Structures are given as structure tokens and as C-alpha cells.
Amino acid sequence: MSKNAKINGLLLLLVAALAVLPLALGLGEGKEEPFTGADAQAEAAITELKPDYEPWFSPLYEPPSGEIESALFALQAALGAGVLAYYFGVRTGRRQGAAAAAGATAPEA
């Protein structure tokens, strides 16, 4: 097995451990929503520190349920990943095309 394969396997195990360990150790037990996002935690902290706080503005669109909110977030992440993949693919293709064109025009001795 090559060095890169060993490193990739180790990283894969590490990612799996990070996903499974919080659930296996019961870190979210006893809470109504065990793994809330940072926005919800910040809102709870602000409400606890200053109960009369009023936000400066309201959201432009409030999804009707948490499932739709999660789906929109996943769609946003997928679109962002697609844009990045397209950019890196075009960049790599241009580099390979330039290298192939330079090799094809090289004079033979």
C-alpha cells in the first residue's frame, strides 16, 4: 500500500470517528435539540444575557419548516461545490491543454 493510500485511509477513519463519537458517547442526551446550529446557540445565549434584546432586522424569507431550511442549505452547499468543481476542472483542463499544445508544436530534432 502506498504512503498516500495509508494517509487517505487514516483521514477517512478520523472523519468517521468525528461523526460517530459524539453519538456513541451520548453528548446530546438530555437536550430537546441535541445538535443545534451555531445560530440557534447564539440566539439562546443572547436571550439569556439580555432578554429584552430585539434584532435589527428580520429575515427576507422564513422557511415554513426545519426540513425545508435544511434542504435549502444543502442545495446552497451543492451549488457552491459545483461552482468550485467547475472552476478547478476548467483550470486543470486549460493547463493540460496548454501543455499538450506546447508538446505538439515542439520542433523535432
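What you see is a predicted model; the values in this text were computed from it and never measured. (Residues numbered from 1 in each chain as written. Predicted model: local features only at pLDDT ≥ 70, side-chain atom pairs only at ≥ 80, totals over all residues. Heavy atoms only, no water.)

Enquirer: Sorry, what's going on with the overall build of the chain here?
Expert: The number of helices and strands found in the chain is three helices and zero strands. Scanning the chain from its N terminus toward the C terminus, one meets helices and strands in the order α-α-α. Counting over 109 residues, the chain shows a buried share of 2%. Surface accessibility of the chain: about 10200 Å² in total, with carbon and sulfur atoms responsible for 65%. (Helix = DSSP H or I, 4+ residues; strand = E, 2+ residues; numbered from the N terminus. Buried < 20%, exposed > 50% of the residue type's maximum accessible area, 1.4 Å probe, protein only. Areas by Shrake-Rupley, 256 points an atom, 1.4 Å probe, with all protein chains shown as cover.)

Enquirer: So what exactly am I meant to see when it comes to a nonpolar patch on the surface here?
Expert: A cluster of nonpolar side chains, Leu60, Tyr61, Ile68, Leu72, Leu75 and Leu79, forms an exposed patch at the surface whose accessible area comes to about 680 Å². Take tyrosine 61: it is sitting in the loop between α2 (38-49) and α3 (66-104). (Patch = residues over 30% accessible without salt bridge, like charges linked within 9 Å, V, L, I, M, F, W, Y side chains within 5 Å. Salt bridge = Lys/Arg side-chain N within 4 Å of Asp/Glu carboxyl O.)

Enquirer: What is the right way to read the packing of aromatic side chains from this model?
Expert: For any pair of aromatic rings, geometry is given as the distance between the ring centres together with the angle between the planes. Following the criterion strictly, the structure yields one aromatic pair and no others. When the ring of tyrosine 87 is compared with that of phenylalanine 88, the centres are 5.1 Å apart and the planes differ by 65°; the resulting orientation is edge-to-face. (Phe/Tyr/Trp six-rings, centres within 6.5 Å; stacked < 30°, edge-to-face > 60°.)

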